[in-house]
Amino acid sequence: MSVSRNTRSLEPGIERDFTDKMSYGSYLALDQLLDSQHPVSSPEHHDEMLFIIQHQTSELWLKLVLHELRAVRAKLAGDDLRAAMKGIARIKHIQRSLTEQWSVLATLTPSEYAEFRGDLGASSGFQSYQYRAVEFLLGNKNAAMVNVFAADPAAQELLTGLLGQTSIYDEFIFFLHRRGYDVPAELLTRDVTQAHVANEGLMRVYKHVYENAAGNWDIYEACEELVDLEDNFQLWRFRHLKTVERTIGFKRGTGGSSGASFLQRALELTFFPELYAVRTEIGR
């Protein structure tokens, strides 16, 4: 069937009647999804739609990251390293999408944002419970964050649950132990409600893996995948910081934080510290 006058004819078999069939829109609940953007500025400022959609799409991607991280954790607990790494590979692609989104928001100039920033009240990205859940699943636990969500029982329940559960890094460490690596005993019984901190003994395990890569290839490869994951997360944090600096400078955040300086300190947080520290020791 050829194209005539720059118009493509519909093929006979294409569905047209969805009276009793599932359609694209109904499957994706598009009526509900596309009716979820409600600017609060009055009169409505043109650029507020960008601001809302930017953050809503980020939350959708974060929902998928959480979905995948839970699966990765389960695969590691079940000694299925290959399937876990497949999940991390997918998460890395999602992270790239999340990071690239900052370039869209960066088109919002300071004067444009100032037109509706005051209408946001105390709402802030700091209050993204899904973002905190991702941090918890990666191992950067912080019980104080749970209290931020006292007004949202469902969010608080989610974070409280994750606070007391293992992270994917905990499960990777347990996996190394089951594989016969000399994991320090204190890491096998540590309080998982606390953030993981660097452990010298675990770094020695990684030093052995890296210096004997051929004989430890799957673990060596998994370590590099985890490093990719953290690198991507830090890039996201950095782009967030620079977008905030570009848009509001060093004003305080709408949620009460110090703004850019608070975000700057987040770059000092780490998920897998030994995997970075070991690089100094390799070959010594």
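The structure presented is a predicted model; accordingly, all values stated were derived computationally and were not measured. (Residues numbered from 1 in each chain as written. Predicted model: local features only at pLDDT ≥ 70, side-chain atom pairs only at ≥ 80, totals over all residues. Heavy atoms only, no water.)

Glancing now at the UniProt feature "binding site: heme" (unreviewed entry) in the protein chain. When the UniProt feature table is mapped onto this chain, "binding site: heme" (unreviewed entry) is found at H240. Within the element layout of this structure, H240 appears in helix α11 (residues 217-248). Since its relative accessible area comes to 19%, H240 is described here as buried. The contacts of H240, once residues within four sequence positions are left out, are W102 and L263. (UniProt positions renumbered as here; feature names shortened; annotations may be inferred. Helix = DSSP H or I, 4+ residues; strand = E, 2+ residues; numbered from the N terminus. Buried < 20%, exposed > 50% of the residue type's maximum accessible area, 1.4 Å probe, protein only. Contact = heavy atoms within 4.5 Å.)

The geometry of two aromatic rings is summed up by the distance between their centres and the angle between their planes. Counting across every chain of the model gives 13 aromatic pairs. Cluster of aromatic residues (ring-pair linked, three or more members): W102, Y131, Y169, F233, W236, F271 and F272. (Phe/Tyr/Trp six-rings, centres within 6.5 Å; stacked < 30°, edge-to-face > 60°.)

A separate point is helix α10 (residues 200-211). The end-to-end C-alpha distance of α10 is 16 Å, a good match for the 16 Å that 12 residues give at a rise of 1.5 Å each. If you check which residues of α10 are buried, you get G201, L202, M203, V205, Y206, K207, V209 and Y210. Looking at the buried side of α10, the elements it contacts are α8 (168-178), α9 (185-188), α11 and α13 (273-281). The opening residue of α10 is N199, an N-cap whose side-chain oxygen sits 2.9 Å from the backbone nitrogen of G201. (Expected span 1.5 Å × (residues − 1). Polar contact = N/O pair within 3.5 Å; in protein donor to acceptor, adjacent residues only side chain to side chain.)

The next thing to look at is empty space enclosed by the protein. Using the criterion set out here, one finds one cavity of 30 Å³ or more in the structure. Each pocket or cavity is described by its volume, and for the largest cavity that value is around 120 Å³. Along the walls of the largest cavity sit 14 residues, with L62, Q95, L98, V134 and F233 positioned nearest its centre. Elements represented by at least two residues in the lining of the largest cavity include exactly α3 (48-77), α4 (81-105), α6 (129-138) and α11. Partitioning the lining of the largest cavity into residue classes produces 11 nonpolar, three polar and no charged. (1 Å grid on protein atoms, 1.4 Å probe; cavity = no way out; pocket = protein on both sides within 12 Å on 5 of 7 lines; lining within 4 Å. Points joined across faces, edges and corners; volume = space filled by probe spheres on them. Nonpolar A, V, L, I, M, F, W, Y, C, P; charged D, E, K, R; others polar.)

Here we come to the packing of α8 against α11. Orientation of α8 relative to α11, taken along the N-to-C sense of each, is 170°, at an axis distance of 13 Å. Taken together, the axis directions place α8 and α11 in an arrangement best described as roughly antiparallel. On α11, the residues that touch I168, Y169, F172, F175 and L176 of α8 are I219, A222, C223, L226 and L229. When grouped by side-chain class, the residues that make up the contact of α8 with α11 number 10 nonpolar, no polar and no charged. (Axes fitted to C-alpha atoms, helices over the stretch in contact; angles between N-to-C directions. Parallel < 35°, antiparallel > 145°, perpendicular 65-115°, else oblique.)

Right, let's get into the layout of surface pockets. Of the voids in this model, the largest pocket is the one considered here, and its volume is about 1300 Å³. Forming the boundary of the largest pocket are 49 residues, of which H55, S124, G125, F126 and H240 lie nearest the centre. Elements with a minimum of two residues in the lining of the largest pocket: α3, α4, α6, α11 and α12 (260-266). Broken down by element, the lining of the largest pocket gets its largest block of residues, nine residues, from α3. Class assignment of the residues belonging to the lining of the largest pocket gives a composition of 20 nonpolar, 20 polar and nine charged. Together, L33, L34, S36, Q37, I53, Q56, T57, E59, L60, K63 and Q130 line the second largest pocket.

Before going further, it helps to examine the nonpolar core. Inside soluble globular proteins, nonpolar side chains tend to come together where they are buried. Among the nonpolar cores identified, the biggest contains 65 residues, and F172 and Y206 are the most heavily contacted of them. The element best represented in this core is α11, accounting for 11 residues. Beyond its immediate chain neighbours, meaning those up to four positions away, F172 contacts L76, L81, Y206, I219, A222, C223 and L226. (Core = buried A, V, L, I, M, F, W, Y, C linked by side-chain atoms within 4.5 Å.)

The next subject is the environment of A185. Here A185 shows up in helix α9. Once the C-alpha coordinates of A185 and P273 are considered, the two residues, 88 residues apart in sequence, prove to be 18 Å apart.

So, on to the UniProt feature "binding site: substrate" (unreviewed entry) in the protein chain. The UniProt feature table records "binding site: substrate" (unreviewed entry) at F51, I52, I53, Q54, H55, Y113, R117 and T254. Residues from the annotated list that form part of the lining of the largest pocket: F51, I52, Q54, H55, Y113, R117 and T254. Among the secondary structure elements, F51 is positioned in helix α3. A relative accessible area of 16% means that F51 is categorised as buried. Along the polypeptide, R117 turns up in the loop between α5 (110-114) and α6. Beyond its immediate stretch of four places on either side in the chain, R117 contacts I248, K251, R252, G253 and T254.

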